[in-house]
Amino acid sequence: MVVRAWDWLRGEKPLVDAFFAAPLVLLSLPDLLREPFGVSKGTYALLMVALTAPLVLRRTYPRAVFVVVALISGVQCLAGVNPVPANVAVLMGLYTVTASYAFRWGIAAALVGEVGAAMATFRYPTGANARKSTFTILAVVVAGVWVLGLHMRTRRAYLRSVEERAARLEQERDNEVKMAMAAERARIARELHDVVAHNVSVIVVQADGASYAIDTDIRRARQALETISNTGRLALAEMRRLLGVLRENDDVGAYAPQPGVAQLDDLIEQVRASGLPVIYEVEGVPVPMSEGRQLTVYRIVQEALTNTLKHGGPRVAVSVRMRYSGEALEIQVDDDGRGAAAPDDGRGHGLAGMRERVAVYGGRVRAAPRSGGGFEVVAWIPVREEVGAT
């Protein structure tokens, strides 16, 4: 409760300024009860109110308050009225202007204070030595208040810069999190596309084959249905693995690892089981690759075979060749299907996703119909990180 009250009080500037002006009033009251400084009590009371009342708005209108109390003190000095405790309001105004505004405003307020010190020193009759010491004391006090205000201004500017930097860093962190989330969503979308497009294409092909063979070849129809069942289970397992990264507080455990080069044999067998003849060849000596590169290789072959299943037409055959050259892996998947004559609904994202995957590792992809018929996909992927790559 005390903290909330203090926070509320800090937001009410006039109340706080009135609280700090109260001591000046209290210091002036004893002199008001006796003959004050050679002036009437009415004049003294009026001067006290004129000097302390503006302090209520000291932090709301710092320059205006300083001008008012400085002018009142100047008129007081010219009129020969002795200084009173409430004249400290000039120093309070000087401090507030210096702490709240640019350096030039602090200099201007300090010069006004020094001029006031000189006027007070030479206006009131004292000895020559006393005048020197009085002016020195007043000048040092004005300079000290100005330095204190300048220090507070510098400290406030530093705190503002720290707060702004913290806010900027927090904003940058939020932006990085959003970018990471967007990248993760894009990755999951690509993975889902590859999984769904490939497996659904296999299921469709097998379902068509089963519907044709169910009346004439029960065994073949049964095989097609088994392939559909296995393919569906595989698709569900991969989708669970991908969507598992979106689950929070998951206690199920580790999911199946990402597919790689070692799983290409299973992929080829699955496609062959769907009725598509596939020739699979590996040239050169396979080299170790990162999991990300292996996943990219797997998805390229999967997408190319899926496109053949979807667009190649009947009695199409496909070949998959992997060529290791030491520094790079070349993947070539070509078929003898429809090629340029294949229909395109314009909704596919497989080739674009393929190019994005390969570009991450500095590779390149060419996917286009072959001149002699059919379609060809050729991808070139470096198998190692380049020295100095960032």
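This text goes with the structure placed above it.
Everything numeric in this text was worked out from a predicted model, so none of it was measured.

Caption draft 1: Inspection of the overall build of the chain at higher detail. Scanning the chain for helices and strands turns up 11 helices and 5 strands. Of all 390 residues assigned to the chain, the portion counted as buried reaches 34%. Partitioning the intrachain contacts of the chain with sequence separation of at least 6 by distance along the chain shows that 69% fall at a separation of at least 24.

Caption draft 2: Expanded view of the nonpolar core. If you look at the biggest cluster of nonpolar residues, it comprises 32 residues, and the most contacted ones within it are L264, V297, L305, L329 and I331. The set of elements that each furnish at least two residues to this core consists of α9 (264–273), α10 (291–311), β2 (318–324), β3 (328–335), α11 (350–360) and β5 (375–382). Here the element with the most residues in this core is α10; it accounts for 7 residues. Beyond its immediate chain neighbours, meaning those up to four positions away, V297 contacts V261, L264, M289, M322, L329, I331 and I381. The next biggest cluster of nonpolar side chains, apart from the first, holds 20 residues, and it includes Y44, L51, M92 and V142.

Caption draft 3: Inspection of the packing of aromatic side chains at higher detail. Summed over all chains, the structure comprises 1 aromatic pair. Directly above the aromatic system of W105 lies the positively charged group of R63, at a separation of 4.6 Å from the ring centroid. The ring of W380 carries R364 above its face, with NZ or CZ at 4.5 Å from the centroid.

Caption draft 4: Highlighting helix α5 (residues 89–100). End to end, α5 covers 16 Å across 12 residues, agreeing with the expected 16 Å (1.5 Å per residue, within 8%). Across the 12 residues that make up α5, a large majority, 9, are buried. Among the residues of α5, A89, V90, M92, G93, L94, T96, V97, T98 and A99 are the ones counted as buried.

Caption draft 5: The sheet that holds β5, seen in detail. Read across the sheet, 5 strands follow the order β1-β2-β3-β5-β4 without closing on themselves; strand pairing throughout is mixed. At either end of the open sheet lies a strand with only one pairing partner, and these are β1 (278–283) and β4 (364–369). Looking at each pair of strands side by side, their axes are set apart by 10° on average, direction ignored. Pairing between β1 and β2: 6 bridges, direction parallel. Bridging across to β2, E283 finds its partner in R323. Packing of α9 onto the sheet brings it into contact with β1 and β2, and relative to β1 it is tilted by some 160°. Helix-sheet contacts for α10 involve β2, β3 and β5, and the interaxial angle to β3 is about 10°.

Caption draft 6: View of the pattern of salt bridges. What the rule picks out here adds up to 8 salt bridges. Among the salt bridges present, the one from R173 reaches E170, with a minimum N-O distance of 3.9 Å. One end of the pair, R173, and the other, E170, are both in helix α7 (residues 128–213), 3 residues apart, so they sit about a helical turn from each other. By relative accessible area, E170 is classed as partly exposed at 45%.

Parameters at a glance
Residues numbered from 1 in each chain as written. Predicted model: local features only at pLDDT ≥ 70, side-chain atom pairs only at ≥ 80, totals over all residues. Heavy atoms only, no water. Helix = DSSP H or I, 4+ residues; strand = E, 2+ residues; numbered from the N terminus. Buried < 20%, exposed > 50% of the residue type's maximum accessible area, 1.4 Å probe, protein only. Contact = heavy atoms within 4.5 Å. Core = buried A, V, L, I, M, F, W, Y, C linked by side-chain atoms within 4.5 Å. Phe/Tyr/Trp six-rings, centres within 6.5 Å; stacked < 30°, edge-to-face > 60°. Lys NZ or Arg CZ within 6 Å of the ring centre and 35° of its normal. Expected span 1.5 Å × (residues − 1). Pairing = 2+ DSSP bridges. Axes fitted to C-alpha atoms, helices over the stretch in contact; angles between N-to-C directions. Salt bridge = Lys/Arg side-chain N within 4 Å of Asp/Glu carboxyl O.

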